[in-house]
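Read off the chains here:
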Amino acid sequence: MSYKIAKVIVDVPTMQTDKPFSYRIPQELAALIQIGMRVHVPFGRGNRLMQGVIVGLSAKDEPMNSGKALKAIAEVLDFDPVLTQEQLALADAMRETVFAYKISILKAMLPNLLNSSYDKLLRTRDEAIAAAYFGGQYERHFSSLDENEQAVMMKLHREGKISVQYVAQSKATIKTEKRLTLSNQASLATVVISTRAKKRLAMQAFLQKQDEGHTWTYRELVHLFSRDVVQFFLAQGILTLSEIEVSRSQDYFDQVKSDVQKVLNAEQAAAYQAIIGSADKPFLLEGVTGSGKTEVYLQVIAEVIAQGKTAIMLVPEISLTPLMTHRFIARFGEQVAIMHSGLSDGEKYDEWRKIAAGHAKVVVGARSAIFVPLQNIGAIIIDEEHETSYKQDSNPRYHARDVAIWRAKYHRAALVLGSATPSLETRARAQKNVYQLLRLTQRANAQAEIPEVRILDMRKHLNDQSATFSTALLDKISEKIAKQEQVVLMLNRRGYSSFVMCRDCGFVPECPNCDISLTLHMDTKSLNCHYCGHSEAIPYVCPNCQSQRIRYYGSGTQKVEEELATLLPEARVLRMDVDTTKKKGAHERILSRFGQGQADILLGTQMIAKGLDFPNVTLVGVINADTALNLPDFRSSERTFQLLTQVAGRAGRADKSGEVLIQTFNPEHYAIKLAQTHDYESFYKLEMAFRRKLNYPPYFYTVQLVMSHQNEELALKKSYEVMALLKAKLTAQARILGPIPKPIARTHNRYHYQLLIKYRFEDQLSAALNDVLALTQAPENKDLRLIIDSEPQNFM
């Protein structure tokens, strides 16, 4: 007897491998199983059921082994493939550059819900099916079926005779709403109601005025009358109760008014024509802040949709997404799907299903939206392409730009990378004509001029009233508020103070799990670690010398907010940082209140620096421009220039002229001086010269390897083993730096050592890194954690 074989990559956390295992497909499922479906399979000696993905099917029937019989697939988890052929091919390509096992890449392409435990609820309206398979009921759980019944259900689903609903542990993932339909109006007059039953009589009169078949939500009629009255008319057969699926993200669409295309200026029109005219190479759209890049994106996508194609629009972080989604929903309505981390798992799953079913033409979202299963893509756009949040900081460590390049080639789609301050790597590729450079040099609003930027040397602008604000900045804030204009203040540090210190002995409370001082948070009256989450009470007596002279040093957003309340008591301040935006929808609520003029000052971290467009903002103040300048990272100057240029662009975006004040202790630093004049080209040339001299990207490629262990000696020992393995495989031209401790050498009670490979051409690099990755699967290395990060964006 012969059997069909499925090749399955199994998700085994303790023993990752890219090798697919062969499983026998039960005869009753042979015609139904497809590549891209998830299955449960018995694995190992104990035959524990594990989840896996089918990545191949045998081309012909293969006889069972004459010796040991193949294990059979235990359960099929999907009625249709959840991974497309394109996604499986993309996973193969990413495996060559990301250095993570393929199962983790495949899981990254799916909504979280499909990576968790759940059951499937089957539903039918067919009485014959209900009688034959559902025990006379209209619902049945998939887990209660045997193999033969599973096969029957899959066939019925393909014929459209049953529906399937995924139900996660403790939460249903499809939202339903009860609806009431007037199904028997003719009998209303014959319903006997007591003259004392006033609400029943009122509802009877209400229903008599409605047309047969009219529908309400259950909640509407209960609100108008009462639950008991509604149940009375249900019992009389006048109303029929049903449940329909509703989208949890519908509120996003209901709140937005429609929008129309704007007239493009000459530069915008030229960029638009270039993008829709060719997909031969990616485009870099380099446009000053406020130059109307988003309108170009919208019109490119409108053209793509008119051609019957689809589009992906990526934005760098959650704070941008509500603003961007509103603009896209206003233009494209229900054709838009939203995918970002601010959505609940259920909302993400609703949107994913909308995309998979082909109901969405435009997907707007953050980094992971690049994986959505859109078909026939015509354009992929990455806004603020320089942002580091496009790089995933956990396995698999992919860059959305690299995935976008692959998908654009696969679909022959236009790829647009947009920014006022492109990353040096992207700009260098445009310089070499690998990308086509398009420029927008003027603001889209002819009346909106690039704001004037003043540098305030804090060595000369000390203020007796405040260590945070110069007198010049405070005076300017007061002036703007008096004119009923708005101010944006940026401080790139959350919390109340940077650290707490004893004035007598110098003791600074540190995290017991990490080599870093704890940050003071006054709202929770606690000292918190921003790495591992450790929290402890604020000490009022030094634990080292018992002194009571405990002082707070540095300024976080909480402390600055408190200081503003003292210095400018009339000012209405909104704070926007990680702490104030923890709750769902908090970003949108804060920005909405500011946009409606309910606050004079928006104070925040770098999340307020990009993408905000408020016409009444005429002053931007940068409280300390030096925060990132002296970090041990070769990109620190580039990040500082980008951040200052971006935040300066929030001022004067409409008819009112804007001003920018930057406080710094390093006024002569080239990144700050060139940000003052918005001179990207000069910064690019100067920074490229430094990078060339020091052999850093984009002149060299880099790979970072981080070895972590609870035992510091073992972490160091394994680092040298990895270095030896690399030296044996790579040429002498490759430069291996380290191993050295990371700048923050211990977090989560683990010690971290890093190596950095700088190279240009290394044919054996991929093989060498795969050998290093394989080390982690050896039993003696079970406690060793290894990170392989190609082109790392962060060295902290």
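Check the entry above for the structure.
Note that the structure is predicted; figures quoted are calculated from it, not measured.

Counting residues in hydrophobic clusters, the biggest one holds 46 residues, and the most contacted among them are Met 94 and Ile 370. For this core, the elements supplying multiple residues, two or more each, are α1 (85-98), α2 (102-108), β15 (310-314), β16 (336-339), α12 (345-356), β18 (377-383), α13 (400-411) and β19 (414-419). Of all the elements, α1 adds the most residues to this core, at 5 residues. In contact with Met 94, not counting residues within four places along its chain, are Phe 99, Ile 105, Met 109, Phe 371, Tyr 398 and Val 403. Among the nonpolar cores identified, the runner-up in size contains 39 residues, and Leu 574, Ile 590, Ala 609 and Ala 651 belong to it.

What follows deals with the pattern of salt bridges. Applying the stated criterion across every chain, the model contains 34 salt bridges. Among the salt bridges present, the one from Arg 407 reaches Glu 86, with a minimum N-O distance of 2.8 Å. Highlighted residues: Arg 407 in helix α13 and Glu 86 in helix α1, separated in sequence by 321 residues. Of the two residues, Arg 407 and Glu 86, neither departs from the other in class, the shared state being buried. For Arg 575, the salt bridge identified is with Asp 577, shortest N-O distance 2.8 Å. Residue classification places Asp 577 among the buried positions, given a relative accessible area of 0%. Salt bridges here are not isolated pairs; linked through shared partners, they connect Lys 476, Glu 479, Lys 480, Lys 483, Glu 485 and Glu 659.

The geometry of helix α5 (residues 198-208) relative to helix α7 (residues 227-235) is characterised by a closest axis approach of 10 Å and an angle of 60° between their N-to-C directions. In this view, α5 runs oblique relative to α7, as classed from their interaxial angle. In the packing of α5 onto α7, the handedness of the crossing is right-handed. Across the interface between the two elements, Lys 199, Arg 200, Met 203, Gln 204 and Leu 207 from α5 touch Val 229, Val 230, Phe 232 and Phe 233 from α7. Tallied by class, residues from the contact of α5 with α7 come to 6 nonpolar, 1 polar and 2 charged.

How each quantity is defined
Residues numbered from 1 in each chain as written. Predicted model: local features only at pLDDT ≥ 70, side-chain atom pairs only at ≥ 80, totals over all residues. Heavy atoms only, no water. Core = buried A, V, L, I, M, F, W, Y, C linked by side-chain atoms within 4.5 Å. Buried < 20%, exposed > 50% of the residue type's maximum accessible area, 1.4 Å probe, protein only. Helix = DSSP H or I, 4+ residues; strand = E, 2+ residues; numbered from the N terminus. Contact = heavy atoms within 4.5 Å. Salt bridge = Lys/Arg side-chain N within 4 Å of Asp/Glu carboxyl O. Axes fitted to C-alpha atoms, helices over the stretch in contact; angles between N-to-C directions. Parallel < 35°, antiparallel > 145°, perpendicular 65-115°, else oblique. Left-handed = near helix turned anticlockwise from the far one by under 90°. Nonpolar A, V, L, I, M, F, W, Y, C, P; charged D, E, K, R; others polar.

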